[in-house]
Amino acid sequence: MEDLLQELLQEEEDLQFENFNEDTAWQIGQMLVERAVAENLPITVDITRGEQQLFHAARPGASADNDQWVKRKVRLVNRFGHSSYYLGRLLASKGRRIEEEFLLPESEYAPHGGCFPVILKGSGLIGTITVSGLPQEEDHRLVAETIRAHLTQVN
């Protein structure tokens, strides 16, 4: 588990942005939706900068429940500055629930994969990119792979 936690932290270091604006959100959102269409994934996609929602889409098979999962995952990432998958795996490694470790209700904060911090190099957390609808590891992987592909295209 320690190796996975270190890999996830390194991923957060590697997948940082030089800049991030509405066009960036649109491009990444479109990449996620295109993959969802191609693979018939029943997901909701959400991208924020601060409190502003820059992109939101739901594919067939996703539901209003996925919107609530998105909100809970985003709230967690904004509070701790790490991916929701990292935080969930960290809690699992300690055998603890979020209520026990941080006195936060899981009904408001979801330590489950799928929300990744948008980090500006030299600045820090400015937003989130979230997917909900797949098993948590797959939600996380989809977001991370898409960010990596985007950063490879622009760099």
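One structure accompanies this document, and this report is about it.

### Some remarks on the sheet that holds strand β3 (residues 115–120)
Pairing is antiparallel across the open sheet formed by 4 strands, whose spatial order is β2-β1-β4-β3. Pairing within the sheet leaves two strands with one partner each, and these edge strands are β2 (52–58) and β3. Ignoring strand direction, the axes of neighbouring strands in this sheet form an average angle of 15 degrees. Alignment of strand β1 (residues 44–49) against β2, held across 6 bridges, turns out to be antiparallel. Opposite I47, over in β2, you have F55 as the bridge partner. Helix-sheet contacts for helix α6 (residues 136–154) involve β3 and β4 (124–132), and the interaxial angle to β4 is about 125 degrees.

### Points about helix α1 (residues 2–14)
Counted at 1.5 Å a residue, the expected span for α1 with its 13 residues is 18 Å, and the 18 Å between its end C-alpha atoms agrees. Of all the positions in α1, only L5, L8, E11 and E12 are classed as buried. Along the axis of α1, the buried positions cluster into a sector of 120 degrees, meaning they face one direction only. Residues E2, D3, E7 and E13 are exposed on α1 and point more than 90 degrees away from its buried face. Close packing links the buried residues of α1 with α4 (84–94), β3 and α6.

### Examining the side chain of R89
For R89, the location among the structural elements is in helix α4. No salt bridge is formed by the buried R89. Its closest oppositely charged neighbour is E137, at 7.7 Å. With near-sequence residues (within four places) excluded, R89 lies in contact with M1, L4, L5, L8 and Q136.

### Some details on the side chain of T130
Here T130 is to be found in strand β4. Classification of T130 by relative accessible area gives buried; the value is 0%. With residues up to four places along the chain from it excluded, the contact list for T130 reads T44, V45, D46, V70, K73, V74, G114, C115 and V143.

### A closer look at unusual backbone geometry
Positive phi, close to 55 degrees, is recorded for N40, a residue that is not glycine. The exposure class of N40 is exposed, given its relative accessible area of 64%. The backbone of L103 sits at a positive phi, close to 60 degrees, despite the residue not being glycine.

### Here we look at the pattern of salt bridges
By the definition in use, this model includes 11 salt bridges. Residue K121 pairs with E18 through a salt bridge whose shortest N-O separation is 3.2 Å. In this pair, K121 sits in the loop between β3 and β4 while E18 sits in the loop between α1 and α2 (22–39), placing the two residues 103 residues apart along the sequence. Judged by its relative accessible area of 56%, E18 falls in the exposed class.

### What to know about the pairing of β3
For β3, the buried fraction is high: 6 of the 6 residues fall into the buried class. Across 6 bridges, the pairing between β3 and β4 is antiparallel. Paired with F116 across the two strands is I129, which belongs to β4. The antiparallel pairing of β3 with β4 creates a hairpin that spans 3 residues between the two strands, and G122 there sits at a positive phi of about 80 degrees.

The rules behind each value
Along each chain, residues carry numbers from 1 onward, in the same order as the chain's sequence is written. This being a predicted model, a pLDDT of at least 70 is required before a residue's local features are given, and a value of 80 or more before pairs of side-chain atoms are given or counted; all residues contribute to the totals for chains, interfaces and linings. By convention in this description, side-chain values take in all heavy atoms of the structure and omit both hydrogens and water. Pairing between two strands requires that DSSP report at least two bridges joining them. In DSSP terms, a helix is any run of H or I states spanning at least four residues, a strand is any run of E spanning at least two, and both are numbered starting from the N terminus. Interaxial angles span 0 to 180 degrees and are taken between N-to-C directions of axes, which are lines fitted to C-alpha atoms, for helices over the stretch in contact. The contact criterion used is simple: two residues touch if any of their non-hydrogen atoms lie within 4.5 Å. Given a helix with a known number of residues, its expected span is that number minus one, times 1.5 Å. Think of it in three bands: with a 1.4 Å probe and only protein chains considered, a residue is buried below 20% of the maximum accessible area for its type, exposed above 50%, and partly exposed in between. The arc in question is the one traced by the directions running from the helix axis out to the C-beta atoms. Positive charge is attributed to Lys and Arg, negative charge to Asp and Glu, and no charge count is given to His or to the chain ends. Here, a salt bridge means any side-chain nitrogen of Lys or Arg that lies within 4 Å of a carboxyl oxygen of Asp or Glu.

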